[in-house]
Amino acid sequence: MSMQVSIYPNPFISSLSFEVIVENNVSAIVQMLDQDLKIIRMLSWLLKEGSNKTTIEDLEFLPAGTYYIDIKNHEGNNLFTTKLAKLVETYEL
């Protein structure tokens, strides 16, 4: 199955935006994992033919570090994996 995935920004602070382009409709599971490969967010997503967009918000509570995004079909087959960096937001006084 052909899939184009854009996830931004990388590094991120508080949210991640996804754009996934697929040739055919597919039911997918998006998992966000920490550096110990523990699932910290998971969502089910019906990807329709063409461009699909969504955002994961409220990520500011996560500690700085390395995170992974896996997109799988409902049979558990991995369709896409990437590594992301989380930064801590800094404030100047």
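For the structure itself, consult the block above.
Residues numbered from 1 in each chain as written. Predicted model: local features only at pLDDT ≥ 70, side-chain atom pairs only at ≥ 80, totals over all residues. Heavy atoms only, no water.

Caption draft 1: Highlighting the overall build of the protein. When helices and strands are tallied, the protein shows 0 helices and 7 strands. Element order for the protein, N to C, with α for helix and β for strand: β-β-β-β-β-β-β. Taken over the C-alpha atoms alone, the protein extends approximately 50 × 25 × 15 Å along its principal axes. Every one of the 93 residues in the protein was classed for burial, and the buried ones make up 32%. Across the protein, every contact between residues at least 6 apart in sequence was considered, and the portion connecting residues at least 24 apart equals 54%. On the protein, roughly 5,900 Å² of surface is accessible, and the fraction owed to carbon and sulfur atoms is 47%. Treating the 7 positive side-chain charges of the protein as one cloud and the 12 negative ones as another, the clouds have centres 3 Å apart. (Helix = DSSP H or I, 4+ residues; strand = E, 2+ residues; numbered from the N terminus. Buried < 20%, exposed > 50% of the residue type's maximum accessible area, 1.4 Å probe, protein only. Contact = heavy atoms within 4.5 Å. Areas by Shrake-Rupley, 256 points an atom, 1.4 Å probe, with all protein chains shown as cover. Lys, Arg positive; Asp, Glu negative; His and termini not counted. Charge placed at Lys NZ, Arg CZ, Asp CG, Glu CD.)

Caption draft 2: Molecular detail of the sheet that holds strand β3 (residues 26-33). Taken in spatial order, the 4 strands of this open sheet run β4-β3-β6-β7, and their pairing is antiparallel. The open sheet has two edge strands with one neighbour each: β4 (39-47) and β7 (78-86). The average angle at which neighbouring strand axes cross in this sheet is 15°, direction not considered. Taken together, the 6 bridges between β3 and strand β6 (residues 65-73) define a ladder with antiparallel strand orientation. Across the sheet, Gln31 pairs through a bridge with Asp70, a residue of β6. (Pairing = 2+ DSSP bridges. Axes fitted to C-alpha atoms, helices over the stretch in contact; angles between N-to-C directions.)

Caption draft 3: Local environment of a negative patch on the surface. Together, Glu57, Asp58, Glu60 and Glu89 give the surface a local cluster of negative charge. When you line up the elements, Glu89 lands in the segment after β7. (Patch = residues over 30% accessible without salt bridge, like charges linked within 9 Å, V, L, I, M, F, W, Y side chains within 5 Å. Salt bridge = Lys/Arg side-chain N within 4 Å of Asp/Glu carboxyl O.)

Caption draft 4: Broad picture of the side chain of Ser17. Examined against the element boundaries, Ser17 turns out to sit in strand β2 (residues 16-22). When neighbours within four sequence positions are excluded, Ser17 is seen to be in contact with Ser6, Ile7, Tyr8, Thr54 and Thr55.

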